Every structure is written in structure tokens, then in C-alpha cells.
Amino acid sequence: MPPSAEPPSPPERHESRHHVQTTLERLIRLQQSRRVHGELTTASRAQVSQPAVVLLTRLQAGGGGLAIGDLAKLARMDMSLVSRELRKLEADELVTRTTDTRDGRITRVGLTPKGRGVVRRLRRVRDRHFEEALSGWTDDDLAQLGALMGRFVDDLSAVRYREADDPA
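To keep things clear, this report deals only with the structure shown in the data block.

The rules behind these values
Residues numbered from 1 in each chain as written. Predicted model: local features only at pLDDT ≥ 70, side-chain atom pairs only at ≥ 80, totals over all residues. Heavy atoms only, no water. Helix = DSSP H or I, 4+ residues; strand = E, 2+ residues; numbered from the N terminus. Buried < 20%, exposed > 50% of the residue type's maximum accessible area, 1.4 Å probe, protein only. Areas by Shrake-Rupley, 256 points an atom, 1.4 Å probe, with all protein chains shown as cover. Lys, Arg positive; Asp, Glu negative; His and termini not counted. Charge placed at Lys NZ, Arg CZ, Asp CG, Glu CD. Pairing = 2+ DSSP bridges. Patch = residues over 30% accessible without salt bridge, like charges linked within 9 Å, V, L, I, M, F, W, Y side chains within 5 Å. Salt bridge = Lys/Arg side-chain N within 4 Å of Asp/Glu carboxyl O.

## Some remarks on the overall build of the protein chain
Check the secondary structure of the protein chain and you find seven helices and three strands. If you list the helices and strands of the protein chain from N to C, you get α-α-α-β-α-α-β-β-α-α. Reported as C-alpha extents along the three principal axes, the dimensions of the protein chain are approximately 60 × 45 × 30 Å. Counting all 168 residues of the protein chain, 23% fall into the buried class. In the form shown here, the protein chain has an accessible surface area of approximately 13,000 Å², with 53% of it arising from carbon and sulfur atoms. Treating the 28 positive side-chain charges of the protein chain as one cloud and the 24 negative ones as another, the clouds have centres 8 Å apart.

## Observations regarding the sheet that holds strand 1 (residues 66-67)
Paired through their backbone hydrogen bonds, the strands of a sheet run either parallel or antiparallel. Within the open sheet, the three strands sit side by side as 1-3-2. Their pairing is antiparallel. Only two strands of the sheet have a single neighbouring strand rather than two, namely strand 1 and strand 2 (95-99). Judged from the five bridges that link them, strand 2 and strand 3 (residues 107-111) form a sheet pairing that is antiparallel. Across the sheet, the residue bridging to Arg-97 is Val-109, located in strand 3.

## Overview of a nonpolar patch on the surface
A cluster of nonpolar side chains, namely Leu-27, Leu-30, Trp-137, Leu-142, Leu-145 and Met-149, defines an oily patch on the protein surface of about 480 Å² accessible area. In terms of residues, the nonpolar patch owes the most to one element, helix 7 (residues 139-158), which gives three residues. Topologically, Trp-137 is positioned in the loop between helix 6 (113-133) and helix 7. Residue Trp-137 is classed as partly exposed on the basis of its relative accessible area, which comes to 37%.

Spatial relationships are all this shows, so hold off on functional conclusions.
See below:
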């Protein structure tokens, strides 16, 4: 067996990995669902787009004003999408832009009081939703889920994709 090839895995392990992958795909589809986004924004009285929710929460986590490029990296979004969304958020008076005092080429974005209120409501609605969804879970279940999910995300981030074995 070549050194880069992996030993065959038992069918149970393959099925378990497949189950993890399909469950993760279901979770991602759920989180990206327009219906779910609509329910979240309606419940929080925050009529903003899905990308705007990500930007607002990243700005809140970033504390003070963030450079637009840094915000795009943190949100893992294309700069053109970030710029477009920021224009809408600025028009809705949820964010402000300022020129960096040390480097005039850099524009910083920060939340307005109205923007902080939107983020606060979004977080409260999400927190309540999670609390209700996990209400039947034990403290041990939650601790295990948190630990395993953290490990899973760390491992997924650390491992790079390899080319397919089949060239066709």
C-alpha cells in the first residue's frame, strides 16, 4: 500500500462518518435557510439580510470600529458583498464609517446605538431559540456536544482537501 493511502476502514466507521457529514449538511442548510432567517429577523424586529446579520454580529464581537478589509476576513465574505451590505446598513443607520486617524486610507466601520440594539435583539432571539431547542438535554450532553463540536471544527480547519484519486 502506498504511504499516502489510508488503510481501509470498517463499514461502521464509514457509515458513522457519512452520518456526521449528512447531519452537518442538514445543519448548514438549516442555518442558511431563508425561512429560518425570516423567522429570526421577524422575531427580533430586525429586517436585515443574511449577510448583514453576519456583519453586524462580527462588528459587535470586534468591539470598536473594524477596518472594512478586516471585517470581510472575519465574516469570510467577498469585499464587494461587504461593501454592498455596508452601504445598506449605513443607509439604515445601523453602522457608521470613519477614516482611520493613523492611516487615512483605511475606513473603519462601527455599530451605531441602533445597530447595537439590532444585534442585541438578534442575540436574545437566538439564545432563547437555542435554550428551548436544548431544554431536554442534560448538562453532560451539552458539555459533550460543545467539546466534540469544538474539536470537530478545529480538525476540519486544520485538514486540507486532497485531490480526488479518480482523475476523471
